[in-house]
Amino acid sequence: MTRAFVFPGQGSQFVGMGKELAENFKSAKEVFEEVNEALNQDLFKIMIEGPEADLTMTSNAQPALMANSMAVVRVLEKEFGINLKEKASFVAGHSLGEYSAACAAGVFSLTNTAKLLRTRGDAMQKAVPLGVGGMAAVIGLSAEKVHELADACADENNVCVCANDNSDGQIVISGHMGAIDKAVEIAGPEFGAKRCLKLPVSAPFHSPLMKPAAEVMAKALHEVEAHDANIPLIANILASAISKKEEIIQHLIEQVTGSVRWRESVAYMKNNGVTDVVELGAGKVLSGLVKRCDKEINAISVGTAAEIEELAKSLI
């Protein structure tokens, strides 16, 4: 059995996440306390009590999801004696989840990962004025067709690109709102999409419009202490594994404006012998996408105390 641990991205957050972990495991509580201290904010209170609007804010959602994932990792390590690098051939994460993966693989400390994600969330929020850009999910088209759709909606004044290639038939486009509106209008009649619907996001993530945020992250990432990954990390924009800290930092910078190649990342796992994928953290989005990408891979989600205990038993 060859295993990969994967970490969820934005959209998987929910009010109440982390509460059960903190109540059941001292090591999980310590993760949330460390993140609170790093950010000089009671983020854990927002995680468990809301309001939802505050948790959904990009600058809160990103470190919160990472904290929740790392609480699961810490519980496995501290409470059950599981050494992640002995149990996995790869780690990967979806967008911000790549930072969780890097933290789990020892590239950044928990405190520094929380600070980086606060910086990233703030920078992404500020990069484009509200209402100028957006994103839409295109359902039922191949990646090639979605690239054609994006090209058809872009012009000299409007950017439109493939932002997240999640699985066959589920691809997200990103860019200026005018281009996104046009895509919603023509995706079905002209390109044969089953659906094309705007996503409730506050900015055009993973598009060239995020260049100001990429510049902020370049500065932040080059200033932070980093180490080579002790588990190979499958980078979003490469869809292949890297371990050197310089490469990881470079690709995290490029990831801000680049595409999340999740479908190809799953294919890379499969081609490199991965039989089992374990999603650590909130929700079940990634395990669902893995199953859509490749039905032969066994994919599970682990986020509750019971799920952690069950996984630990299978790993010992």
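Quick note: structure is the one above.
*Asks:* Pulling in residues and values, what's your account of the overall build of the protein chain?
*Replies:* Tallying secondary structure elements over the protein chain gives 15 helices and 10 strands in all. For the protein chain, whose C-alpha radius of gyration is 19 Å, the value lies close to the compact-globule estimate of 20 Å for 316 residues. Based on the C-alpha atoms only, the size of the protein chain along its principal axes is roughly 55 × 45 × 35 Å. Taking all contacts inside the protein chain whose residues are at least 6 apart in sequence as the whole, residues at least 24 apart take part in 74%. In the form shown here, the protein chain has an accessible surface area of approximately 13,000 Å², with 50% of it arising from carbon and sulfur atoms. With 30 positive and 40 negative side-chain charges, the protein chain shows a separation of 2 Å between the mean positions of the two kinds.

*Asks:* Describe the sheet that holds strand E10 (residues 298-302), with residues and values.
*Replies:* An order of E8-E7-E2-E1-E9-E10 is seen for the six strands of this open sheet, with the pairing classed as mixed. Both outer strands of the open sheet, strand E8 (240-242) and E10, are each paired with one neighbouring strand and no more. Direction aside, the axes of adjacent strands within the sheet are offset by 30° on average. Bridge count for strand E1 (residues 3-7) against strand E9 (residues 276-280) is four bridges, and the pairing is parallel. Residue pairing across strands places Val-6 opposite Glu-279, the latter belonging to E9.

*Asks:* Describe in detail a positive patch on the surface, supporting the description with residues and values.
*Replies:* A cluster of basic residues, Lys-194, Arg-195, Arg-292 and Lys-295, forms a positive patch at the surface. Structurally, Arg-292 can be placed in helix H14 (residues 285-293).

*Asks:* Run through the nonpolar core, naming residues and quoting values.
*Replies:* Phe-5, Leu-76, Phe-108, Met-210, Leu-221 and Leu-280 are the most contacted members of the largest nonpolar core, which totals 84 residues. Ignoring anything within four residues of it in the chain, the contact list for Leu-221 reads Tyr-99, Phe-108, Leu-116, Ile-249, Leu-252 and Ile-253. Counting 20 residues, the second-largest nonpolar core is a separate cluster that includes Ala-136, Ile-171, Phe-191 and Cys-196.

*Asks:* Go over helix H12 (residues 245-255), please, and point to the residues and values.
*Replies:* Those residues of H12 not exposed but buried are Ile-248, Ile-249, His-251, Leu-252, Ile-253 and Gln-255. Of the surrounding elements, those touching the buried residues of H12 are helix H7 (97-104), helix H8 (110-127), helix H11 (211-223), strand E7 (233-235) and E8.

*Asks:* Let's hear about the pairing of E10: which residues, and what values?
*Replies:* Sheet topology places E9 next to E10; five bridges connect them, and they run parallel. Pairing of Asp-276 across the sheet is with Asn-298, part of E10. On the question of chirality, the crossover connecting E9 to the parallel E10 by way of H14 is right-handed.

*Asks:* An account of the environment of Phe-108 is requested, with residue identities and associated values reported.
*Replies:* With respect to the helices and strands, Phe-108 occurs in the loop between H7 and H8. Look at Phe-108 and you get buried, because its relative accessible area is 3%. For the pair Phe-108 and Phe-90, spaced 18 residues apart in sequence, the C-alpha to C-alpha distance is 16 Å. Those residues in contact with Phe-108 that sit more than four places away from it in its chain are Ala-102, Cys-103, Thr-113, Leu-116, Leu-221, Val-224, Glu-225, Ala-226, Ile-249 and Leu-252.

What counts and what doesn't
In this convention, every chain numbers its residues from 1, walking through the sequence in written order. Since the coordinates come from a predicted model, pLDDT governs what is reported: local features require at least 70, and pairs of side-chain atoms require 80 or more to be given and counted, while whole-chain, interface and lining totals use all residues. Side-chain measures were taken over the full set of non-hydrogen atoms in the model, leaving aside hydrogen atoms and water. Per the convention used, a helix needs a DSSP run of H or I reaching at least four residues, while a strand needs a run of E reaching at least two, with both numbered from the N terminus. All radius of gyration figures rest on C-alpha atoms, and the globule criterion is 2.2 Å times the number of residues raised to 0.38. For this analysis, residues touch if any pair of their heavy atoms sits within 4.5 Å. We get accessible surface area from the Shrake-Rupley algorithm with a probe of 1.4 Å; when it comes to residues, only the shown protein chains can shield them. The convention is simple: Lys and Arg are positive, Asp and Glu are negative, and His and the chain ends are not counted. Note that the charge is assigned to NZ on lysines, CZ on arginines, CG on aspartates and CD on glutamates. Strands are treated as partners if at least two bridges between them are detected by DSSP. In this analysis, axes come from line fits to C-alpha atoms, helices being fitted only over the stretch in contact, and the angle between any two N-to-C directions falls in the range 0 to 180 degrees. Like-charged residues within 9 Å of one another, or nonpolar side chains (Val, Leu, Ile, Met, Phe, Trp, Tyr) within 5 Å, are grouped into patches, provided each residue has over 30% relative accessible area and no salt bridge. Every case where a carboxyl oxygen of Asp or Glu lies within 4 Å of a side-chain nitrogen of Lys or Arg is listed as a salt bridge. For our purposes a nonpolar core is just a set of buried Ala, Val, Leu, Ile, Met, Phe, Trp, Tyr and Cys residues, chained together by side-chain atoms within 4.5 Å. In this scheme, a residue with accessible area under 20% of its type's maximum is buried, one over 50% is exposed, and one in between is partly exposed, where area comes from a 1.4 Å probe on protein chains only. Seen with its strands pointing away from the viewer, a crossover is right-handed when the path leading from the first strand over the helix to the second is clockwise.

Fair warning: the whole summary comes from geometry, so function is off the table for now.
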